[in-house]
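Take a look at the letters that make up each chain.
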Amino acid sequence: MTSRPGPELLELIGEAAFVRLAEAFGGTRLYVPQRFAADSEIVKAIGIEAAGRLSQRLAPDVIKVPLARDLRARHYRAAGRSNARIASALGITERAVEKLFQRMDDPPVKASQFSLFD
């Protein structure tokens, strides 16, 4: 069985682990075993605690790991990354990053931008 959309994974393992999962395995199907070896690629990517939650709730199953570009872009912007660095991390162009943020209802603000109304 192949299952588990992004929002459920995000809730299950948390944003930071979800971003690392998408970075490592985004766009692929991933088998979730009942027990992870300490040197498992999944454990290396998301940590033993998140891998444990994943296994406890979903094993044995195959999950579709989303690319999660919108969430990853927000996460990277919050960390202070520029559009160029975000584009590189997502495998898209800087213009695509700009468009991605323009489509968002509540786009993240660059660290160097200040609101006049705060």
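Our subject is the structure that appears above.
Only a predicted model underlies this, so the values are computations on that prediction, with no experimental measurement involved.

Student: What is the right way to look at the overall build of the chain in this model?
Tutor: Each helix and strand counted, the chain has seven helices and three strands in total. Scanning the chain from its N terminus toward the C terminus, one meets helices and strands in the order β-α-α-β-α-α-β-α-α-α. A total of 118 residues make up the chain; the buried ones form 36% of that total. Looking at the chain as shown, the accessible area adds up to about 7,400 Å², and 50% of this sits on carbon and sulfur atoms.

Student: Whenever I open this one, the side chain of Arg77 confuses me. Can you help?
Tutor: Relative to the elements of secondary structure, Arg77 occurs in helix H5 (residues 69–78). No salt bridge forms around the buried Arg77; measuring N to O, its nearest opposite-charge neighbour Glu98 is 8.3 Å away. From its side chain, Arg77 meets the backbone oxygen of Arg81 in a polar contact 3.3 Å long. Each residue touching Arg77, except ones within four places of it in the same chain, is listed here: Ser82, Asn83, Ile86, Phe101, Pro108, Val109 and Lys110.

Student: Explain the pattern of salt bridges here, please?
Tutor: Side chains that differ in charge, positive against negative, can pair when their charged atoms come close. Counting across every chain of the model gives two salt bridges. The partner of Lys44 in a salt bridge is Glu41, and the shortest N-O contact between them spans 3.5 Å. Separated by three residues within a single helix, Lys44 and Glu41 lie in helix H3 (residues 41–46), roughly one turn from each other. Glu41 matches Lys44 in its accessibility class, with the two residues each being exposed. Glu98 is paired through a salt bridge with Arg95; the nearest N and O atoms lie 3.1 Å apart.

Student: Help me understand the environment of Glu15 in this model?
Tutor: Secondary-structure assignment places Glu15 in helix H2 (residues 15–25). Taking relative accessible area as the criterion, Glu15 reaches 39% and is therefore assigned partly exposed. Other than its neighbours up to four places away in sequence, Glu15 contacts Leu10, Leu71 and His75. A polar contact is formed between the side chain of Glu15 and the side chain of His75, at a distance of 3.0 Å.

Student: Mind showing me how you'd approach H2 here?
Tutor: An α-helical segment advances 3.6 residues per turn. Residues three or four places apart therefore align on the same side. Considered for burial, the residues of H2 that qualify are Ala17, Phe18, Val19, Leu21, Ala22 and Phe25. Positive phi appears at Gly27, one or two residues downstream of H2, with a value of about 85°.

Student: Please explain the packing of aromatic side chains as it appears in this structure.
Tutor: Two numbers describe a pair of aromatic rings. These are the distance of the centres and the angle of the planes. Under the defined criterion, the tally for this structure stands at zero aromatic pairs. Its end group placed over the ring of Tyr76, Arg81 keeps NZ or CZ at 4.2 Å from the ring centre.

Student: Would you mind going over the pairing of strand E3 (residues 61–64) with me for this structure?
Tutor: Moving residue by residue along a regular strand, the side chains alternate between the two faces of the sheet. The two faces of E3 differ: Asp61 and Ile63 on one face are buried, but Val62 and Lys64 on the other face are not. Of the strand pairs in this sheet, strand E2 (residues 29–32) and E3 are connected by four bridges, and their pairing is antiparallel. Along E3, the bridge assignment pairs Leu30 with Ile63.

Student: Can you walk me through the nonpolar core in this structure?
Tutor: Buried together is how nonpolar side chains tend to be arranged in soluble globular proteins. Counting residues in hydrophobic clusters, the biggest one holds 22 residues, and the most contacted among them are Ile13, Leu21, Ile42, Ile46, Leu54 and Ile63. Elements with a minimum of two residues in this core: helix H1 (6–13), H2, E2, H3 and helix H4 (48–58). By residue number, the principal contributor to this core is H2, which donates five residues. Here Leu21 is in contact with Leu9, Ile13, Gly26, Leu30, Ile46 and Val65, once residues within four sequence places are set aside. If you look at the next biggest cluster of nonpolar residues, it comprises ten residues, including Val19, Ala73, Tyr76 and Leu90.

Cut-off values and rules
- Position numbers for residues count from 1 along each chain, tracking the sequence in the order it is written.
- Owing to the predicted nature of the model, reporting of local features is limited to residues with pLDDT of at least 70; listing and counting of side-chain atom pairs is limited to 80 or more, with chain, interface and lining totals taken over all residues.
- For the side-chain quantities, the full set of heavy atoms in the structure was used; hydrogens and water were omitted.
- Numbering goes from the N terminus for both helices and strands, where a helix is a DSSP run of H or I of at least four residues and a strand is a run of E of at least two.
- Buried means the residue's accessible area, taken with a 1.4 Å probe over protein chains only, is under 20% of the maximum for its type, while exposed means over 50%, and partly exposed covers the values in between.
- Each accessible area is a Shrake-Rupley estimate made with a 1.4 Å probe; only the visible protein chains count as cover when residues are assessed.
- Think of it this way: Lys and Arg go in the positive column, Asp and Glu in the negative one, and His and the chain ends go nowhere.
- Whenever a carboxyl oxygen of Asp or Glu lies within 4 Å of a side-chain nitrogen of Lys or Arg, that contact is scored as a salt bridge.
- Any N or O atom pair separated by 3.5 Å or less is treated as a polar contact, with the protein-specific requirement of one donor-capable and one acceptor-capable atom, and with residues adjacent in sequence counted only for side-chain atom pairs.
- What makes two residues a contact is simply this: any of their non-hydrogen atoms within 4.5 Å.
- Two rings from Phe, Tyr or Trp (for Trp, the six-membered ring) form a pair when their centres are within 6.5 Å of each other. A pair whose planes differ by under 30 degrees is stacked, one over 60 is edge-to-face, and the rest are tilted.
- Lysine NZ or arginine CZ positioned within 6 Å of the ring centre and within 35 degrees of the ring normal marks a charge as sitting over the ring.
- For two strands to count as paired, DSSP must find a minimum of two bridges between them.
- For the purposes of this section, nonpolar cores are sets of buried Ala, Val, Leu, Ile, Met, Phe, Trp, Tyr and Cys residues that join through side-chain atoms within 4.5 Å.

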